[in-house]
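# Residue-level structural notes
One letter stands for each residue in the lines below.
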Amino acid sequence: MMDPWHDVRVVLLAGGRGERFWPRSTEARPKQFLQVDGKESLLRSTYARAAALTSLESIYVVTHERYADLVRKELPALPEANLILEPCARNTAAALGLAARRLGPQSIIVAMPSDHHITGPARFRVTLQTAVEVARHEHLVAIGIPPTRPETGYGYIRRGAPLELPTALPAFRVERFAEKPDRATAEEYLACGDYAWNSGILVARADVLDQEICRHLPELHAALEEVGWAGQEGTRLPPTVAEQFAGLPGISIDKGVLERSDRVAMVPGHFGWNDVGDWAALSRLLPLDENGNAVIGEVLLQDARRVVVHGGDRLVVLLGVSDLIVVDTPKVLLVCAREQAQEVRQVARIGAAFADALVACGEAEASEGGSPCPA
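Residues numbered from 1 in each chain as written. Predicted model: local features only at pLDDT ≥ 70, side-chain atom pairs only at ≥ 80, totals over all residues. Heavy atoms only, no water.

## Section: the overall build of the chain
Rules: Here a helix means four or more residues in a row that DSSP labels H or I, a strand means two or more in a row labelled E, and each is numbered from the N terminus. To get the radius of gyration, use the C-alpha atoms; to get the globule rule, take the number of residues to the power 0.38 and multiply by 2.2 Å. Categorising residues by exposure relies on relative accessible area from a 1.4 Å probe, with only protein chains included: less than 20% of the type maximum marks a residue as buried, more than 50% marks it as exposed, and the intermediate range marks it as partly exposed. Reported accessibility uses the Shrake-Rupley method at a 1.4 Å probe radius. Residues are deemed covered only where the shown protein chains occlude them.
For the chain, the helix and strand inventory stands at eleven helices and 17 strands. Relative to the globule expectation of 21 Å for 375 residues, the C-alpha radius of gyration of the chain, 22 Å, shows essentially globular dimensions. Along the three orthogonal principal directions, the C-alpha set of the chain runs to about 70 × 50 × 35 Å. Per-residue burial for the chain yields a buried fraction of 51% across its 375 residues. Surface accessibility of the chain: about 17,200 Å² in total, with carbon and sulfur atoms responsible for 52%.

What follows is the structure in structure tokens.
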């Protein structure tokens, strides 16, 4: 009996900056390489999840070439040929287009972001098996998570008519994608029953994905044509192709292809899922105390409620506060309102620049005998 996953290749997306997890997540070591829950890195846990689905030879990682050594260190069992290096970060459309070319036109790609927390492995596997079967019928398949709360931090998918396919779980056409809503709209989506959270997990046959990139992102497709099918194994892209990639606009596969295509289907995912997208997500991953607080590190709380604290080597004390996020690192202390966790990325780059400048000033002061930096 043929293995139903014989043509499936799991692709882990690991090239993002993770700016919402600043100041722990930095350009030199972004969040996929961090142990944000105090256990193993997000990338390593995603790799273990993929390894429970298929052989190690069928797992690939797409990342920026600057992170190649970090991936090798985190995933020593990953075959060298299964590391796909991007010359520059151009978001998930370019990353998946490049992966499709490397893996061959008839490969079924299961694209998994490396920043998810998933429970219920049996349900997860059955969901993906259904998505793989739907993808074999030339659909681009999104995994939609039935919402459990009016979440404003996720995008949504509205399902349409059911697909008449002999699959273990039902599949549906996608009527439309919706951006992150405000609270009132999210409550409407929850009450409607036709909306699902967009998990970001995509299943597609490589040639179908390539065709839709050609239709909707012709500039990107022209660069991919230079790569060819199943080309550049274990090497960086040729300089001419790398230059083409550098000139492309960065766009996600959702915005660039899925929201424009008429070949998109959705399979509902009835497994435990959390997008570890910002610091507030830790309140759904870590055990909470009686006041709804989630903490890592040496933390003393007194009359504190619904706080998320990611501490370091020193004691962090919170007294009489609520609904805060506190992240303590050697270079930066972040304190923000929990409801503004998504906005951390807006201060990440300027904050990192200021922190580096302060370190440089400190080093100069030490070498010059105590001359302070100008204000």
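Still more ground to cover, so stick around.
## Things to note about unusual backbone geometry
Along the chain, tryptophan 22 connects to proline 23 via a cis peptide bond; the corresponding omega equals 10°. Mapped onto the secondary structure, proline 23 falls in the loop between β1 (8-13) and α1 (42-51). Phi angles above zero are rare outside glycine, and glutamate 138 is one such case at about 70°. Mapped onto the fold, glutamate 138 is located in the loop between α4 (121-136) and β6 (140-145). Taking the relative accessible area as the measure of exposure, glutamate 138 reaches 37% and is therefore partly exposed.

## Description of the environment of alanine 355
Quick note on the threshold: The contact criterion used throughout is that any non-hydrogen atoms of two residues lie within 4.5 Å.
Along the chain, the position of alanine 355 falls in helix α11 (residues 344-367). Of the residues examined, alanine 355 reaches a relative accessible area of 8% and is grouped as buried. For the pair alanine 355 and valine 316, spaced 39 residues apart in the sequence, the C-alpha separation amounts to 20 Å. In contact with alanine 355, not counting residues within four places along its chain, are Lys331 and Val332.

## With respect to the nonpolar core
Nonpolar side chains in soluble globular proteins tend to be buried together. Short version of the rule: Definition of nonpolar core: a set of buried residues of the types Ala, Val, Leu, Ile, Met, Phe, Trp, Tyr and Cys, connected through side-chain atoms within 4.5 Å.
Counting 48 residues, the largest nonpolar core has Leu12, Leu128 and Val203 as its most contacted members. In terms of residue count, the dominant contributor to this core is α4 (six residues). In this structure leucine 12 touches Leu43, Thr46, Tyr47, Ala50, Ile59, Tyr60, Val61, Val62 and Met112, once residues within four positions along its chain are discounted.

## Structural notes on the sheet that holds strand β12 (residues 294-296)
This is how it is decided: Strands pair, by our definition, only if DSSP identifies at least two bridges between them. Note on definitions: angles span 0 to 180 degrees between N-to-C directions of axes, and those axes are lines fitted to C-alpha atoms, for helices only across the stretch in contact.
Taking strand neighbours across the sheet as the criterion, the four strands line up as β12-β14-β16-β17 in an open arrangement whose pairing is mixed. Looking at which strands have only one partner, the edges of the open sheet turn out to be β12 and β17 (333-337). Within the sheet, the average angular offset between the axes of one strand and its neighbour, ignoring direction, is 5°. For strand β16 (residues 324-328) and β17, the ladder comprises five bridges, and the chain directions are antiparallel. When the sheet's bridge partners are listed, valine 326 is paired in β17 with valine 335.

## Observations concerning helix α3 (residues 91-103)
As a reminder of what qualifies: Take the residue count of a helix, subtract one, and multiply by 1.5 Å to get its expected span.
Taking 1.5 Å of rise per residue, 13 residues should cover 18 Å, and α3 covers 19 Å from first to last C-alpha, within 8% of that figure. Most of α3 sits inside the fold, with eleven of its 13 residues counted as buried. Three or more residues of α3 are buried, namely Ala93, Ala94, Ala95, Leu96, Gly97, Leu98, Ala99, Ala100, Arg101, Arg102 and Leu103. Once α3 finishes, glycine 104 follows within two positions and takes phi at roughly 100°, a positive value.

## Focus on the packing of aromatic side chains
Put simply, the rule reads: Ring pairs shown here join Phe, Tyr and Trp side chains whose ring centres sit within 6.5 Å, with only the six-membered ring taken for Trp; geometry is labelled stacked below 30 degrees between planes, edge-to-face above 60, and tilted in between. Note on geometry: a ring has a charge over it if NZ (lysine) or CZ (arginine) is within 6 Å of the ring centre and within 35 degrees of the ring normal.
Scanning the entire structure with this criterion turns up eight aromatic pairs. Both rings, one in phenylalanine 33 and one in tyrosine 67, keep their centres 5.8 Å apart while their planes meet at 55°; by these two values the pair is tilted. One end of the pair, phenylalanine 33, is in the loop between β1 and α1; the other, tyrosine 67, is in the loop between β2 (59-64) and α2 (68-74), with 34 residues separating them in the sequence. The pair formed by phenylalanine 33 and tyrosine 67 is uniform in burial state, with each residue classed as buried. Ring geometry for tyrosine 189 and tyrosine 195: centres 4.0 Å apart, planes at 20°, overall stacked. For arginine 101, the ring lying beneath its charged end belongs to tryptophan 229, and the centroid distance is 4.4 Å. For arginine 125, the ring lying beneath its charged end belongs to tryptophan 5, and the centroid distance is 5.3 Å.

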